[in-house]
Amino acid sequence: MPAQPGISLGELAVRFGCTLKGDPDLRVSRVATLENADGASVTFLANPRYRRYLGRTKAGVVVLDPALADACPVSALLAKNPYATYARIATLLHPAPLVMPGRHATAVIEESAQIDATAAVGPHVVIGARAKIGARSVIGPGCVVLDDASIGDDTRLTANVTICQGVVLGDRCVLHPGVVIGADGFGLAPDQGEWLKVPQMGAVRIGNDVEIGASTTIDRGAIEDTVIGDGVKLDNQIQIGHNARIGEHTVIAGSAGISGSAVIGRRCMIGGQVGIAGHLTICDDVVITGQSLVSSSIRKPGYYSSALPVDESTRFRKNAARFRGLDEFVREVRKQRSTGGASQDGAHPDDNGPATDEE
Amino acid sequence: MPAQPGISLGELAVRFGCTLKGDPDLRVSRVATLENADGASVTFLANPRYRRYLGRTKAGVVVLDPALADACPVSALLAKNPYATYARIATLLHPAPLVMPGRHATAVIEESAQIDATAAVGPHVVIGARAKIGARSVIGPGCVVLDDASIGDDTRLTANVTICQGVVLGDRCVLHPGVVIGADGFGLAPDQGEWLKVPQMGAVRIGNDVEIGASTTIDRGAIEDTVIGDGVKLDNQIQIGHNARIGEHTVIAGSAGISGSAVIGRRCMIGGQVGIAGHLTICDDVVITGQSLVSSSIRKPGYYSSALPVDESTRFRKNAARFRGLDEFVREVRKQRSTGGASQDGAHPDDNGPATDEE
Amino acid sequence: MPAQPGISLGELAVRFGCTLKGDPDLRVSRVATLENADGASVTFLANPRYRRYLGRTKAGVVVLDPALADACPVSALLAKNPYATYARIATLLHPAPLVMPGRHATAVIEESAQIDATAAVGPHVVIGARAKIGARSVIGPGCVVLDDASIGDDTRLTANVTICQGVVLGDRCVLHPGVVIGADGFGLAPDQGEWLKVPQMGAVRIGNDVEIGASTTIDRGAIEDTVIGDGVKLDNQIQIGHNARIGEHTVIAGSAGISGSAVIGRRCMIGGQVGIAGHLTICDDVVITGQSLVSSSIRKPGYYSSALPVDESTRFRKNAARFRGLDEFVREVRKQRSTGGASQDGAHPDDNGPATDEE
């Protein structure tokens, strides 16, 4: 019998510490969704939204929570954290393509650059003076790494990434196409009706295991460095201003904007299109929902929001018009009541204690 | 008599099915605005905002609605859809520059790539293994097309575009500079206080006649594909997350953000900076006005909004402070009234029926 | 005695017109923050937020306002505009690196392009037919300058910048990586349920002393040009639509979106993530705070806002739900009062005069 493709459920259970409910000799060779899986596929259930597909799945095996074992019509790998277990299995089944070490003939590399012999430098890459590229790192086609930049080991710049002078990147980072690290911060001094450019002389320091999405930009510091902590994950199209500091294992969703000198704690979750003003502090373990505006520091972990959800435009416009007169309306109602209305207690809370405070 | 430049009004009328009011032998050779047109120019009136310029125009001919024919001081081409007719005339007068087929000497092309003989591959382009480029397509300077990507016929990547592995693009598409298609989606599994990367193994499938604006990013799917329908038009700086699906002929304005697994219907119009949350559905023919947040599914065609328009900052801040206490204020007023106030009917609507609903 | 490094405080005072309080022979050679400066460093105090660090600074000299002279524990350079003075000193101490004129061997330059002999064209650059590059300008690695574009003197395209055909850039501009100038505007004519592309035949004209941040995009005009005035400063990830006009010395922060045909005055300050609708006018000297939406013209200088700041999510959601019924609630309260309530004066302001008005 020739070698069978894929991997057996028994081996998956052992390798990833799951309890297997089903046939240990069954083999799977790819991943699929619950809905579209076939018998050679492994799938998973983590988001309760997709629970409805479980009963009809035709997967070879489903990675799921032990509590759902009985509802699974096929083999099951029971895991405390099904999504993480699925991620590990998927990585095993679909390993990153091997990259050949070496320098493409069209790469333009300054003589003083230090490129590890195991690194791969792609076509049309430009690498500046004294730049360093670590072991097994990949500098994909069209990337530009300017003078004195330093890239750690096992880091991958996929394509058309720009790393400006003096930027430091850690190990095992992934930077997607269009990323720009270390462009000048937006430093301007008003001067007689015009704006004077303030030299931006800090760099950007990025820790280990950081992923940076397509077209995200992180500016260099004005004097000291902009700092991105270990394990930070940034989605696409994010803007991070000069001297911002992002704490370890914080994740930021697409199109968010972090202004200069903002300090964000560890393990925060910042939603898409969130705006964070400059020169403020957000403590650890804060969650900001999508499109919110943070204009003052947050000192207490928790969930924060400020974006109204859509309504029918006609009704929304009426409410928005009322909002323009809200302060006057409240004053009017309270004045009525205190002069001739039914209540004289005056005990209305004039303002609610702020969850945030000014710096 | 030498050949005259331009094209006669008579020919324009015949070619585009308009009624001509004026001299069929008059010739026009370029387009211009109503305000600045001269006698050799064709212009149009479609936006009522510019109606005020009509009476003074010096254009050779104006394309406009038959209802405005009498107000036009110069020759008129009467069309049911003046803007579309203008677009066709402009395309005729200003055709796209001819591109020479062939491969620039500096292009780096894997041997297994299949480039149609009529396609044009520009300088410093990189094309990966098994990638396909269709007939008459143009891959502009600095573009990167990674392994197994497939680009249809008559499609144009202007410059510095990145197409990641396995992405499929249809015919007659235009992708502007800085576009990134098929970067990894933002798939992360929480794992003991850190984030584990979830392999992103789907691709992106883009239909025919799709235009994608500068620096827009569309992520590849996690397991299945991200899908952009035929005729979709995307403005600049848009972010589209993994496994989103955009229906045919939907248009999205600049800087909008579409989260992962959002499903958007056909013929929708999504305004600039709109945010759409993940894992929701928007039906066909929905219009979302600029900067709105869609956080739950929309099942009814119509107009939706959620962004307050600017007010003077001082007044806005007072109203925003009142907003923080709005729920308490409403409770307070209703309690007053039900205990000692003028009304006991209790028939106030506590909540308005939502136009949107949770998935 | 060998030449000492740096520059003496006496010389700084003379050169920049400051009053020196301290030792004129003391020398400084670098810049630093108030907090981390040492005796060889010059620092400054401009933002009152950092006033608290002044008393403990170990800087060689602090540039600050004369009113704070007595609070400064070290030498002081007293200046009316400390931040601008600091910017000039920093520029003196950290001059931009010298760039060697010439064309890198890998640059692909059309024969008809006119490159000044003092300009520097980097590796993997592409320059199109009839393009012009002025004196001492730098076209960094990976930049693409398409046909007929014109770049003035002393202008710097750092890396991976795309300048489309016919774009005109002035003198002393700086464009950061990923910038795209002159991609097609988002011009579409609805046509029987589909969208017809409207040719974009204008260009972009950019004045002198303009800085454009990483990944910012400025679209070419539809018929006439998009225009960016002298001294305009644009942060990262900004989108500017076709035919917008930005007045001189206006600054725009990151991720803002300016729709097509918007006209913005001089010396305006537009905050991060602000959205400005199309076909409207904003007068000179307007300040828009972050994440606001401008949907109609502003004719009076001043401060404008519309973004609610974050609150705890639970409370925010309650208030947002009340907002959906705000118009009905106000009507209900007023009706109560006018029929049986304590007040019959009816003199409540039903609407506040708008600060903005429709075009």
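Criteria and thresholds
- Residues numbered from 1 in each chain as written.
- Chains lettered and ligands numbered in written order.
- Predicted model: local features only at pLDDT ≥ 70, side-chain atom pairs only at ≥ 80, totals over all residues.
- Axes fitted to C-alpha atoms, helices over the stretch in contact; angles between N-to-C directions.
- Helix = DSSP H or I, 4+ residues; strand = E, 2+ residues; numbered from the N terminus.
- Parallel < 35°, antiparallel > 145°, perpendicular 65-115°, else oblique.
- Contact = placed C-beta atoms within 7 Å.
- Nonpolar A, V, L, I, M, F, W, Y, C, P; charged D, E, K, R; others polar.
- Least-squares fit on C-alpha atoms with pLDDT ≥ 70 in both.
- Pairing = 2+ DSSP bridges.
- Expected span 1.5 Å × (residues − 1).
- Buried ≥ 20, exposed ≤ 12 C-beta atoms within 10 Å, placed from the backbone.
- Arc of directions from axis to C-beta.
- Core = buried A, V, L, I, M, F, W, Y, C linked by C-beta atoms within 7 Å.

*Asks:* Any chance you could explain the packing of helix α4 (residues 326-339) of chain A against helix α3 (residues 313-324) of chain B here in plain terms?
*Replies:* Contact geometry for α4 of chain A and α3 of chain B: axes closest at 7 Å, N-to-C directions at 60°. With respect to α3 of chain B, the element α4 of chain A is oriented oblique. Facing α4 of chain A, whose interface residues are Leu326, Asp327 and Val330 of chain A, α3 of chain B presents Lys318, Asn319, Arg322 and Phe323 of chain B. Across the contact of α4 of chain A with α3 of chain B, the residue classes break down as three nonpolar, one polar and three charged.

*Asks:* Would you take a moment to explain the relation of the copies chain B and chain A for this structure?
*Replies:* The operation linking the two copies of the chain is a rotation about an axis combined with a translation along the axis. Overlaying chain B with chain A gives an RMSD of 0.0 Å, the required rotation being 120° about an axis along which the chain moves by 0.0 Å. Read as a symmetry element, the transformation amounts to a three-fold axis. Different-surface contact between copies: only 19% of interface residues of chain B are shared with the interface of chain A.

*Asks:* Would you explain the interface of chain B and chain A in this entry?
*Replies:* The interface is formed by 70 residues belonging to chain B together with 64 residues belonging to chain A. With six residues, the single largest contributor to the side of chain B that touches chain A is α3 of chain B.

*Asks:* Looking at this model, I keep getting lost on the sheet that holds strand β4 (residues 30-31) of chain A. Mind explaining?
*Replies:* Sheet strands pair via backbone hydrogen bonds, and the direction of the pair is either parallel or antiparallel. Residue and element names in this part refer to chain A. On the basis of which strands lie adjacent, the open sheet formed by five strands has the order β2-β7-β6-β5-β4 and mixed pairing. On the outer flanks of this sheet lie β2 (19-21) and β4, each paired with one strand and no other. The sheet contact formed by strand β5 (residues 41-44) and strand β6 (residues 61-64) spans three bridges and is parallel. Along β6, the bridge assignment pairs phenylalanine 44 with valine 63. Against the sheet, helix α2 (residues 82-93) makes contact with β4, β5, β6 and β7 (75-78), and its axis sits at roughly 135° relative to β6, the strand it touches most.

*Asks:* Is there a simple way to explain the interface of chain C and chain A in this structure?
*Replies:* How big an interface is tends to be stated in terms of the accessible area lost upon association of its parts. Facing 64 residues of chain C, the contacting portion of chain A comprises 70 residues. The set of elements that each furnish at least two residues to the side of chain C that touches chain A consists of α2 (82-93), β41 (311-312), α3 (313-324) and α4 (326-339) of chain C. With six residues, the single largest contributor to the side of chain C that touches chain A is α3 of chain C. Here strand β39 (residues 302-305) of chain A pairs with β41 of chain C via two bridges, running antiparallel. What sits directly across from tyrosine 304 of chain A, in β41 of chain C, is glutamate 312 of chain C.

*Asks:* I keep staring at α4 of chain A and nothing clicks. Help me out?
*Replies:* The α-helix winds at 3.6 residues per turn, so residues separated by three or four positions along the chain end up facing the same way. With 14 residues, α4 of chain A ought to run about 20 Å at 1.5 Å a step, and its terminal C-alpha atoms sit 20 Å apart, in line with that. Within α4 of chain A, burial applies to Leu326, Phe329, Val330, Val333 and Arg337 of chain A. One side of α4 of chain A holds all its buried residues, which, seen down the axis, span an arc of 100°. Away from its buried face by more than 90 degrees, α4 of chain A exposes Arg331, Lys335 and Thr339 of chain A. On the buried face of α4 of chain A, the contacting elements are α3 (313-324) of chain A, α3 and α4 (326-339) of chain B together with α4 of chain C.

*Asks:* Is there a simple way to explain the nonpolar core in this structure?
*Replies:* Nonpolar side chains in soluble globular proteins tend to be buried together. Counting 277 residues, the largest nonpolar core has Val62 and Val145 of chain A, Val145 of chain B together with Val145 of chain C as the members making the most contacts within it. Per element, the largest residue contribution to this core is six residues, and it comes from α2 of chain A. Discounting residues that sit within four places of it in the chain, valine 145 of chain C has contacts with Ile127, Gly128, Ala131, Ile139, Ile151 and Ile163 of chain C.

*Asks:* What is the right way to read unusual backbone geometry from this model?
*Replies:* Glycine aside, residues mostly have negative phi angles, and peptide bonds mostly take the trans form. Phi is positive for glutamine 237 of chain A, which is not a glycine, with a value near 60°. Within the fold, glutamine 237 of chain A resides in the loop between β28 (233-234) and β29 (239-240).

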